[in-house]
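A structural walkthrough
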Amino acid sequence: MLSEIKRYSPAYVEERIANWWRENNIIEKVINKNKGAPIFSFLEGPPTVNGFMHIGHTRGRVYKDIVLRYMTMRGLDVWRRAGWDCQGLPTEIEVEKRLNITTKKDLERIGLERFIEEANKVVDYYISQWRSASERLALWLDFDNAYETRREEYMEHVWYLLKKAYDEGNLIESLRVVPYCPRCETPLSQHELAQGYEEVKDPSIYVKMPLEGSDNRYVIIWTTTPWTLPGNEAIAIDPGAEYVELEVDGERWIIAHLLLQKFVEEVGLKKHRKLGVFKGEKLVGMKYVHPLRDEVPAHKSHEGAAHTVVSSEFVSMEEGTGCVHTAPAHGPEDFELGKRNNLPIFCPVSSTGIFTAEGGKYNGLSTRDASKVIIEDLERKKLLVKAGEILHNYPLCWRCGTPLIYLASTQWFLRVEPIKQYMIEGNANVVWWPEWAGTSRFGEWLKNAEDWCISRTKVWGTPLNVWTCQNCGKKRVVGSRAELNEAIEKPNELRMHRPWIDQVVFRCSECGGKMYRVPYVLDTWLDSGVAHIASIDYLRNRELFEKLFPYDFITEAVDQTRGWFYTLLFTSTLLFKKPPFKSVLNQGHVLDEFGKKMSKSRGNVLWAHDAFDRFGVDPVRLYLVSKAEPWSTINFVPSELTQVIEQLNTLWNVFLFAKTYFELDKFNPERHNVESLNKDLKPEDRWLLSKVNTLIKIVTKSLDEREIQDAAREIRRFFIEDLSRTYIRSIRRRVWVEEQTKDKLAAYATLYYALRIVTILLAPFTPYLAEVFFKEIRKADDPESVHMVSWPKPDERYIDEELEDYMDIVQDTLTAVLAGRQKGDRKLRWPVSRIIVSPKTQRAKQALSRYADFLKTLANAQKLELLDINDKPKETMLRVKPDFRRLGPKLGKRLTQVAQLLSSIDGYEVKKELERKGKYSLLLPDKSEVNLESDDLILEEQLPENFVFSEGRFAFVYIDLFETDEIRRMAIANEFIRRIQVMRKEMNLNILDEVDCLIMVQDGEVTEQLKASSEYIEEETRTRLQIHGKHKDIPGDYFGKSWKIGELDVTIALRKPQDNT
RNA sequence: GGGCCGGUGGCUCAGCUUGGUUAGAGCGCUCGGCUGAUAACCGGGAGGUCGCCGGUUCAAAUCCGGCCCGGCCCA
């Protein structure tokens, strides 16, 4: 496949390899490869099968795949069952769209049966989409046996759990405040709530709450929902904040000090006087008279803590009065406050938004109408400070736009207190990547965990398995499908989903009455939350469970902290008092190029299949995981993908290079390997062997620690820096020779060794591409796919850290040489006669001496001289100059003569004298003697004209640019070789083709030089040369071209070989 | 309002655990060079108040405190 296309094409590779995998059942073979070996159990967090896989999902799924492939290659029997989260709100929304349902009436008309059928269709569709996207990603899970949360044998595990919880007293019924749409008559979830915030105009009223025991003292509250006042049971204040008591028209009003000015402006208060400032805690416990006590008589019987000032941490000092109207039945925070303070949870409003009889005067009014009447009543009772209007964000029903109302209603909860401590203790034994996700983020969440509300007024979900006796109220929690057979009434088709399950009726064991199901379905998080048992059919397959539980590894995105990570731990602790997983890898989110969250409304979502089409699966995989630690948020930057593709293309070319020469020389890796050729390995070979074994170490360690980005980056760095840029470049000349030298074979064997390791290490990251490479290097006794190969172990014999260090020194020195060449204007094609290297340290000296040949070749130098540490080349001269500023005053006129004399004197002599005697004596032409001290003189090193100097980190480099005839001849030859090679390439010649070559140069000297090196040129370019000293017409069967080499015009013509020669 | 993570050249990131030469790399820019695996590559150059303020210290990108900004989660 490698030579079929010129350039790495991810799409081409994917298609071929995917077909090959399929035709040869590779996936199945890989999954079953390690049966019987120690188990590595992975629990798949089931994606919600609604919508399509986007790039964020993709990232997480790549991490899963990498870890699973790695563990498989490590020889473990990897449990990798796929799973799909099928139920819940998003699907219901889609079904409603498809069936054109907008109201509850539409739903009744269409019928729940039809609704459920459609939901199943939606799920079927998305599962197929997710599966194909996952398969294209090459995520090798067991899809054929995937678990689905909508299946009855799955849901049965939820029932099992709830029955157990109920029996132990942990499944309870309790009041709770939830947002309702009065028009749709249904509570909405947090999700739905977030979709519907809009700016609306509402009343904004300030109300005087009369304090008991005084006829003119009031606490002032503010609200935008007057209809909630009948539900008022308390006033919340911030005990730490300062409050002020005002005198206004003979009355005393209390508000927060900080909000005084705002309040005065808002209500247009003309005159007031501060009576005193005090801490809020002074107010706590004060009783007040409910402002609508007469209109809503129920308040007369509210006792205990009702109508009291209480303290709260939720008091805002941004708006209002700092004294917060609290209606426990109409706000989640109010509700919490109510529970804490034993307030009545008084809810005189029905789910249709109409006041009930409990609402007294307002009975029968809608919340909207009631608001108006309440304002009038307050006005009349002189309890209204001010009634205005406000524009603010308020949640509306996303379906019908009706303002939502918060109402208290009975919901079902799983109690957290009995298991909280076990969860915290269990979590301490779980390994989290990164650590803070477990200790800080998850740890905090656990500490603050509250009872879990599991009931939903929905359709497409696991039904709540509680039946209540119509007659005596006795409850029955059904724990299995089998139990349904005890029903006295049931539908013809007995299914666990609604509506069928709603028709199941039991006989009450207490009173003989009929028991009907409580019509809730369950939170979908409960579905996925029991995956640790349900995905493997725990109820019927304990043996499997014993083998897999607790799972070795799970990984999902960070937002699952309060989601799946939590629900898994919760249910497992409830059942077994221990966590269901041993380790958790957190994944960060993927943002767009500009760091913005991807969202449909913004239109910046990158879908997985689009990304695969545009960039290819392997590049996307490698990119996503090398960019950052798995748990960091990343920006997806398309231009960075091209870089990955280019790098993989380079690796592709490395393989192509190897393939070309291996085939040319019929290289046999079984016969010639780094063991058998050990004696012939050059330092650069040993270096690469060391590097590649070190690579195994690093990659293995990084994967074990889930520092996946380090593994990916290190592999990329290796094949670009070490393999392509350094090693391949250094062996070009070795492989170009025609004979089968040991030296060439050593290079081949080394290259093969490195390619093999890189291929295997790449397998988890770029599974398609690695398979292509593996086909090129596969030996007879290798498994058929790279994904069945064992993970390599580093061969310590080849690891030589010193050698690796040395190469760094040599490369740095080579860089210095190249910089020096540039300074001296000598292109690399022109040999230089000498480079002189002066190492800075002993280590550098050893390194440079060991790699002297390597350096000499790559620097294109005829000779390499290695000096002692910090020595100067013997050609260095030390020039002596007078310090004019110092000597001027001292010597006057004579300074000119001194300067002249010094210029011709060897500085080393002067230096020696100065060191010995502390002075240097100079005899002037007028016979006078001048004594110079070292401060009088400036000693300056100087190199001969033909030297350039360059400094590296480890050595000083001097390049002797002196050109001999030979150098000029070589340089000219190289100039021609280069051009002939370009032309060969343009003619698309085979590497081995011998061609005829005409060179025409109108320059006697160059002609002579060329003739002298014709053999060298012929050898390098595989040509037969004819050199002409003047220009002639190019024969017709030649491909000719004119070139300029410096000032020189030359013509080169090539002729393809005759077929029969 | 709370929790967690991040802020380092134009862009994307490393370095921070354990304070210590001139803060590195890739991309981009620019000038030059190389090339029979490579639409690749190599070298020179320009480009950084390491978010801000304060503290600890002989010495802070690094440790501590406060603040600002961005992201995520929760309320």
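Residues numbered from 1 in each chain as written. Chains lettered and ligands numbered in written order. Predicted model: local features only at pLDDT ≥ 70, side-chain atom pairs only at ≥ 80, totals over all residues. Heavy atoms only, no water.

**Regarding the overall build of chain A**
- When you go through chain A residue by residue, the secondary structure sums to 33 helices and 40 strands.
- A compact globule built from 1061 residues should have a C-alpha radius of gyration of about 31 Å, whereas chain A, at 43 Å, is more than 25% larger.
- By its C-alpha atoms, chain A is 125 × 85 × 55 Å across when sized along the principal axes.
- Taking all 1061 residues of chain A together, 55% fall into the buried category.
- Excluding contacts between residues fewer than 6 apart, the proportion of contacts in chain A whose partners are at least 24 apart in sequence is 76%.
- Of the roughly 47400 Å² of accessible surface on chain A, a fraction of 47% belongs to carbon and sulfur atoms.
- Here chain A contributes 152 positively and 160 negatively charged side chains, and the mean placements of these two sets differ by 1 Å. (Helix = DSSP H or I, 4+ residues; strand = E, 2+ residues; numbered from the N terminus. Rg over C-alpha atoms; globule rule 2.2 N^0.38 Å. Buried < 20%, exposed > 50% of the residue type's maximum accessible area, 1.4 Å probe, protein only. Contact = heavy atoms within 4.5 Å. Areas by Shrake-Rupley, 256 points an atom, 1.4 Å probe, with all protein chains shown as cover. Lys, Arg positive; Asp, Glu negative; His and termini not counted. Charge placed at Lys NZ, Arg CZ, Asp CG, Glu CD.)

**A word on the pattern of salt bridges**
- Summed over all chains, the structure comprises 75 salt bridges.
- For Lys64, the salt bridge identified is with Glu556, shortest N-O distance 2.9 Å. Here the residue Lys64 occupies a position in helix H3 (residues 55-73), and Glu556 occupies one in strand S25 (residues 554-557), the gap between them amounting to 492 residues.
- A relative accessible area of 12% means that Glu556 is categorised as buried.
- The partner of Glu776 in a salt bridge is Lys659, with the nearest N and O atoms 3.0 Å apart. With Glu776 in helix H24 (residues 767-777) and Lys659 in helix H20 (residues 638-664), this residue pair connects regions lying 117 residues apart in the sequence.
- Relative accessible area serves as the criterion here: at 26%, Glu776 is assigned to the partly exposed category. (Salt bridge = Lys/Arg side-chain N within 4 Å of Asp/Glu carboxyl O.)

**Some words on the nonpolar core**
- Ranked by size, the top nonpolar core spans 165 residues in total, and within it Phe636, Leu723, Leu751 and Phe765 carry the most contacts.
- No other element matches helix H23 (residues 742-762), which puts 15 residues into this core.
- If we ignore the near neighbours within four places in the chain, the residues touching Phe636 are Ile55, Val590, Leu591, Asp592, Glu593, Met598, Leu606, Phe615, Tyr623, Leu624 and Leu641. (Core = buried A, V, L, I, M, F, W, Y, C linked by side-chain atoms within 4.5 Å.)

**Topic: the protein's contact with RNA strand B**
- Near RNA strand B lie 40 residues; those nearest to it are Arg562, Gln643, Arg732, Gln981 and Arg984.
- Counting only atoms of RNA strand B within 4 Å of the protein, the fraction found in sugar and phosphate groups is 69%.
- In this structure, Gln643 approaches RNA strand B through a side-chain N or O atom, which is 2.3 Å from a sugar or linking oxygen.
- Put simply, the parts of the chain that give the surface near RNA strand B at least two residues each are helix H13 (435-447), H20, helix H22 (708-736), helix H25 (801-823) and helix H31 (965-986).
- Among the elements that take part in the surface near RNA strand B, H20 stands out by supplying seven residues, more than any other.
- Its residues placed into classes, the surface near RNA strand B shows 13 nonpolar, twelve polar and 15 charged. (Near = heavy atom within 4 Å. Polar contact = N/O pair within 3.5 Å; in protein donor to acceptor, adjacent residues only side chain to side chain. Nonpolar A, V, L, I, M, F, W, Y, C, P; charged D, E, K, R; others polar.)

**A look at the packing of helix H21 (residues 683-704) against H25**
- The N-to-C vectors of H21 and H25 enclose an angle of 115°; their axes lie 9 Å apart at closest approach. Taken together, H21 and H25 sit at an angle that is classed as roughly perpendicular. In terms of crossing hand, the pair formed by H21 and H25 is left-handed. On H25, the residues touching Pro683, Glu684, Arg686, Trp687, Ser690, Lys691 and Thr694 of H21 are Leu803, Glu804 and Met807.
- Classifying every residue of the contact of H21 with H25 by side-chain character gives four nonpolar, two polar and four charged. (Axes fitted to C-alpha atoms, helices over the stretch in contact; angles between N-to-C directions. Parallel < 35°, antiparallel > 145°, perpendicular 65-115°, else oblique. Left-handed = near helix turned anticlockwise from the far one by under 90°.)

**Quick notes on the packing of aromatic side chains**
- Following the criterion strictly, the structure yields 44 aromatic pairs and no others.
- A ring pair is formed by Trp652 and Phe773, whose centres lie 6.3 Å apart and whose planes are at 55°; its orientation type is tilted. Taken together, the residues span a long stretch of sequence, with Trp652 in helix H20 and Phe773 in helix H24 at a distance of 121 residues.
- Owing to a relative accessible area of 0%, Trp652 belongs among the buried residues under this scheme.
- With 3.8 Å between their ring centres and 5° between their planes, Phe655 and Phe773 make a pair best called stacked. (Phe/Tyr/Trp six-rings, centres within 6.5 Å; stacked < 30°, edge-to-face > 60°.)

**Things to note about the pairing of strand S16 (residues 405-414)**
- Of all ten residues that make up S16, nine are buried, and the element is covered over most of its length.
- Bridging between strand S5 (residues 171-181) and S16 involves ten bridges; their strand directions are antiparallel. Directly across from Pro179, in S16, lies its bridge partner Tyr406.
- Direction of pairing for S16 relative to strand S18 (residues 452-453): antiparallel, over a ladder of two bridges. By the bridge assignment for S18, Phe413 is matched with Cys453. (Pairing = 2+ DSSP bridges.)

**A few points about the side chain of Glu245**
- Topologically, Glu245 is positioned in strand S10 (residues 242-248).
- At 3.4 Å, the side chain of Glu245 and the side chain of Arg252 are in polar contact.
- Once residues lying within four places of it in the same chain are set aside, the contact partners of Glu245 are Arg217, Arg252, Trp253, Ile254, Arg273, Lys274, Leu275, Gly276 and Phe278.

**Structural notes on the pairing of strand S9 (residues 234-237)**
- Burial along S9 is two-sided: the face carrying Ala234 and Ala236 and the face carrying Ile235 and Ile237 are both buried.
- Across four bridges, the pairing between S9 and strand S13 (residues 308-311) is parallel. The residue bridging Ile235 from the neighbouring strand is Val309, located in S13.

**Things to note about the environment of Arg542**
- Relative to the elements of secondary structure, Arg542 occurs in helix H16 (residues 542-548).
- In this structure Arg542 comes out as partly exposed when scored by relative accessible area, which is 41%.
- Within the local environment of Arg542, its side chain forms a polar contact with the backbone oxygen of Tyr538, the two atoms lying 3.2 Å apart.

**Topic: the sheet that holds strand S38 (residues 1023-1028)**
- Read from one edge of the open sheet, four strands run S38-S37-S40-S39, paired in mixed fashion. Taken across any chain shown, the strands that pair with only one partner, and hence form the sheet edges, are S38 and strand S39 (1039-1045). Direction aside, neighbouring strands of the sheet carry axes that sit 20° apart on average.
- Strand direction decides the pairing type here: strand S37 (residues 995-1001) and strand S40 (residues 1048-1055), joined by six bridges, are antiparallel. Paired with Leu998 across the strands is Ala1053, a residue of S40.
- Packed on one face of the sheet, H31 meets S37, S38, S39 and S40 and runs near 145° to S39.

**Considerations on the environment of Gln587**
- Mapped onto the fold, Gln587 is located in strand S26 (residues 583-587).
- Counting along the chain gives 214 residues from Gln587 to Glu801, while the straight-line C-alpha distance between them is 35 Å.
- Residues contacting Gln587, with those up to four places away along its chain left out, are Gly60, Tyr63, Thr555, Glu556, Ala557, Val558, Pro630 and Trp631.
- At a separation of 3.4 Å, a polar atom in the side chain of Gln587 contacts the main-chain amide nitrogen of Ala557.

**Notes on the packing of helix H4 (residues 89-99) against helix H6 (residues 112-136)**
- Running from N to C, H4 and H6 cross one another at 110°; their axes reach a closest spacing of 9 Å. When the interaxial angle is binned, H4 and H6 end up roughly perpendicular. When you trace H4 past H6, the crossing you get is right-handed. Packed against H4, whose contacting residues are Thr91, Glu92, Glu94, Val95, Glu96, Arg98 and Leu99, the element H6 presents Arg114, Phe115, Glu118, Ala119, Val122, Val123, Tyr125 and Tyr126 at the interface.
- Here the contact of H4 with H6 is composed, by residue class, of eight nonpolar, one polar and six charged.

**Details of the sheet that holds strand S22 (residues 506-507)**
- Judged by pairing direction, the sheet is antiparallel, and its four strands sit side by side in the order S21-S20-S23-S22 without closing on themselves. Bordering the open sheet on either side are strand S21 (475-477) and S22, each of which pairs with just one other strand.
- Bridging between strand S20 (residues 466-469) and S21 involves three bridges; their strand directions are antiparallel. Residue pairing for S21: Thr468 is matched across the bridge by Lys475.

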